[in-house]
Amino acid sequence: FYFTNISMNSNLIQCTADRLFQFNSTWIYYFFINCFRAHSVVSLTLANFERFIGISQPLKYTSYFTRRKITLLLLAVWIIPVLVHLPQLLITVVQYRRDNCTIVELQEPTASGIAAMLLLFLPIAATIWMYIRILINLKQGARNLEEQGIQGPAQELHQAHKKVTSTLAIITTAF
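Considerations on the overall build of the protein chain
Step number 1: A tally of regular secondary structure across the protein chain gives six helices and zero strands.
Step number 2: The N-to-C order of helical and strand elements in the protein chain reads α-α-α-α-α-α.
Step number 3: A total of 175 residues make up the protein chain; the buried ones form 27% of that total.
Step number 4: For the protein chain, restricting intrachain contacts to residue pairs at least 6 apart in sequence, the fraction spanning at least 24 positions comes to 72%.

Here we look at the packing of helix α2 (residues 17-56) against helix α4 (residues 67-98)
Step number 1: The geometry of α2 relative to α4 is characterised by a closest axis approach of 9 Å and an angle of 155 degrees between their N-to-C directions. It follows from the interaxial angle that α2 and α4 lie roughly antiparallel. Handedness of the crossing formed by α2 with α4: right-handed.
Step number 2: Taken together, the residues of the contact of α2 with α4 break down into 20 nonpolar, seven polar and two charged.

Remarks on the state of the cysteines
Step number 1: By the definition in use, this model includes one disulfide.
Step number 2: Residue pairing for Cys 15: its cysteine sulfur links by disulfide to Cys 101, the two sulfurs lying 1.9 Å apart. One disulfide, between Cys 15 and Cys 101, carries an S-S torsion of 60 degrees and so falls in the right-handed class. One end of the pair, Cys 15, is in the loop between α1 (2-8) and α2; the other, Cys 101, is in the loop between α4 and α5 (111-147), with 86 residues separating them in the sequence.

The rules behind these values
Residues numbered from 1 in each chain as written. Predicted model: local features only at pLDDT ≥ 70, side-chain atom pairs only at ≥ 80, totals over all residues. Heavy atoms only, no water. Helix = DSSP H or I, 4+ residues; strand = E, 2+ residues; numbered from the N terminus. Buried < 20%, exposed > 50% of the residue type's maximum accessible area, 1.4 Å probe, protein only. Contact = heavy atoms within 4.5 Å. Axes fitted to C-alpha atoms, helices over the stretch in contact; angles between N-to-C directions. Parallel < 35°, antiparallel > 145°, perpendicular 65-115°, else oblique. Left-handed = near helix turned anticlockwise from the far one by under 90°. Nonpolar A, V, L, I, M, F, W, Y, C, P; charged D, E, K, R; others polar. Disulfide = S-S within 2.5 Å.

Take a look at the structure:
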């Protein structure tokens, strides 16, 4: 609402240093909010990936998660959101200055906007896929043990299946 009024009454408003500071600081604030939101989503996905490898490929776990790979993954978790959201911040601030404190509404989604949406939706899809794979592995393992006549561990896998299902529901809700 505030920005709509500015664009509608742009002839009445002077582009002062105070107005530029207010606009820039608002966009910087939202830049950090968006980066931290994306950071949370990507961090949660990374934690789920670690859990997925630990459950589905426990013998390969140490080769997947060396100290160097973990460091690079953690750096990526912090850098990728900045790289995705920084162009939109810069374009918006520069355009606002260039257009004499007038906000131009976008008619089409920008590449930066699409990348920001993908940064949220791809991790959600990856997390759901990983949990589904874990559930399938647990169910197959329980079935194999039951076919061999081993009941105790099979029941434990069924219990694990229930726990993973509830964890998937919680994680998906958290997203």
